[in-house]
Amino acid sequence: MTPEPARSGRVTSDFTALTQRVREAGLMRRRYGYYWTKLIGAVVLTAAWVAGFVLIGESWWQLAMAAAFSVLMTQIAFLGHDAAHRQIFRSARWNDWTSLVVANLLVGISYGWWQSKHTKHHSGPNKVGTDPDIDLPVLAFTPEQTRRHRNPVLRWLTARQGWYFFPLLLLEGASLHLDGLKRVVSPQKMPRRSAEIAMLAVRLGGFAALVLLVLPPGMAAAFFGVQLAVFGLYMGSAFAPNHIGMPLVSPKMRLDFLRRQVLMSRNISGGRWMSVLMGGLNYQIEHHLFPSMSRPDLRRVQKMVVEHCAEIGVPYTQTSLLQAYRSVISYLNTVGLKGRDPFLCPLVAARRTPSMAGEQPALALLRR
């Protein structure tokens, strides 16, 4: 896993040349019409859902409303993600407050907690010791993490973690709310703490009160269960294909910005409909290279990035969504069952399953 000797002049110019082409093409401009439509639409659709929920009243059809609410909240969360990356407005203040309102007041997730975590991820995707997304208590991404459990039941579960990964996402919705709440009440420094607490109280408390006023306790419990499960599954299924199953980076490895972002990220094919489904996260490579680029322009810049990577010899990974999910399961099971990182052994890489074969070129570059 030792990289080539640094060629700082060349690798710096690699990304500079690409950035210049992107700016000349006008792909870093703001898309105010697109985002204002989405922001207003988010408020209108949320209000329409509340009205529909009240009108339907005591009925098991409310479980379908719970699923619909989860989909709506996930789509709104994607919008908060865009604002957090400064994609919507030129003003950092406007973007921050938009993210704050969208995340806390509409979705019920702490913006401050998520922003801190996500910033670390972007600075070193899949880098051991840096990326919090590969340091989770319930999953093992490295051989070292597989050995942290002494309990035989936990070791058995870790060995088969790929198979229960997606069922585990059914709990992710509750985890997102709880982790945010723990962060805002913790003694750690946090900007706009009072605003976050107030918004979360209105969103989570008001939503719970609404459901309990309209539905009897048993039906309300079922409603909350479905809503949280679908929300977690959708959110997790949209974020998981982006990096899980791509190479991990040793803390000692030094990579330039372009290679650090491209080699550790995976795009999902599928065009416009996939972009709607995944909130633009299907263009993960382009998003990591240009995080402040408006979502609609990620599709337009992709051709430039593909061509540029081909010119400088950097592997570019894109698969179908199904293939990406197979890679996620295969990677987690390989680490869990065999206690080793598939990317560290050339022999294992050469015999990899078809679900991960499309990602093999990146490994060769990392081993040079």
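Anything mentioned here points back to the structure above.
**Focus: the overall build of the chain**
Each helix and strand counted, the chain has 19 helices and 2 strands in total. For the chain, with 368 residues in total, the buried portion stands at 51%. Once local pairs closer than 6 in sequence are excluded, the contacts in the chain between residues at least 24 apart make up 70%. Just so you have it, the chain exposes about 17,200 Å², and 65% of that area is on carbon and sulfur atoms.

**Focus on the packing of aromatic side chains**
Where two aromatic rings form a pair, the distance of their centres and the angle of their planes describe that pair. The final tally for this structure, using the stated rule, is 19 aromatic pairs. Pairing F165 with F166 gives two aromatic rings, centres 5.1 Å apart and planes at 80°, and the pair type is edge-to-face. The burial state of F165 is the same as that of F166; both residues are buried. The rings of W49, F53, F69, F207, F223 and F224 are connected pair by pair, giving a single aromatic cluster. Sitting over the ring of W97, R192 keeps its end group 5.7 Å from the ring centre. The residue whose ring lies beneath R203 is F207, and the NZ or CZ to ring-centre distance is 5.0 Å.

**Digging into the packing of helix α2 (residues 32–56) against helix α10 (residues 193–214)**
The N-to-C vectors of α2 and α10 enclose an angle of 25°; their axes lie 10 Å apart at closest approach. Overall, the two elements α2 and α10 adopt an arrangement that is roughly parallel. Our pair here, α2 against α10, has a crossing hand that is right-handed. Only F207, L210, V211 and V214 of α10 make contact with α2, whose side of the interface consists of W49, V50, F53 and V54.

**Here we look at the side chain of H118**
Relative to the elements of secondary structure, H118 occurs in helix α5 (residues 111–123). Setting aside residues up to four positions removed in sequence, H118 forms contacts with H81 and H85.

**Some points on the nonpolar core**
W49, F53, I76, L215 and F223 are the most contacted members of the largest nonpolar core, which totals 37 residues. Looking at this core, the elements that each hand over two or more residues are α2, α3 (62–84), α4 (92–107), α5, α10 and α11 (217–239). With 10 residues, the single largest contributor to this core is α3. Those residues within four positions of F53 in sequence are excluded, and the remaining contacts are Q62, M65, L210, V211, V214, L215 and F223.

**Side note on the pattern of salt bridges**
Counted by the stated rule, this structure contains 9 salt bridges. The closest approach of N and O atoms between R295 and D82, which form a salt bridge, is 2.8 Å. Placement of R295 in helix α15 (residues 295–312) and of D82 in helix α3 is noted, with a sequence separation of 213 residues between them. In this structure, R295 and D82 share a single accessibility class: buried. The residue D179 makes a salt bridge to K182 at a minimum N-O spacing of 3.7 Å. Note that D179 and K182 are positioned in helix α9 (residues 172–184) at a spacing of 3 residues, about one turn of the helix. Residue classification places D179 among the partly exposed positions, given a relative accessible area of 26%. Accessibility expressed as a relative area gives 56% for K182, which makes it exposed.

**So, the environment of V101**
Relative to the assigned elements, V101 resides in helix α4. Relative accessible area serves as the criterion here: at 32%, V101 is assigned to the partly exposed category. Spatially, the C-alpha atoms of V101 and M199 are 7.5 Å apart, while their sequence positions differ by 98 residues. In contact with V101, not counting residues within four places along its chain, are L106 and M199.

**Notes on unusual backbone geometry**
The phi dihedral of R86 is positive, around 65°, even though this residue is not glycine. Mapping R86 onto the fold places it in the loop between α3 and α4. According to the relative accessible area criterion, R86 is partly exposed, its value standing at 26%. A positive phi angle is found at R192, which is not glycine, with a value near 55°.

Rules and cut-offs
Residues numbered from 1 in each chain as written. Predicted model: local features only at pLDDT ≥ 70, side-chain atom pairs only at ≥ 80, totals over all residues. Heavy atoms only, no water. Helix = DSSP H or I, 4+ residues; strand = E, 2+ residues; numbered from the N terminus. Buried < 20%, exposed > 50% of the residue type's maximum accessible area, 1.4 Å probe, protein only. Contact = heavy atoms within 4.5 Å. Areas by Shrake-Rupley, 256 points an atom, 1.4 Å probe, with all protein chains shown as cover. Phe/Tyr/Trp six-rings, centres within 6.5 Å; stacked < 30°, edge-to-face > 60°. Lys NZ or Arg CZ within 6 Å of the ring centre and 35° of its normal. Axes fitted to C-alpha atoms, helices over the stretch in contact; angles between N-to-C directions. Parallel < 35°, antiparallel > 145°, perpendicular 65-115°, else oblique. Left-handed = near helix turned anticlockwise from the far one by under 90°. Core = buried A, V, L, I, M, F, W, Y, C linked by side-chain atoms within 4.5 Å. Salt bridge = Lys/Arg side-chain N within 4 Å of Asp/Glu carboxyl O.

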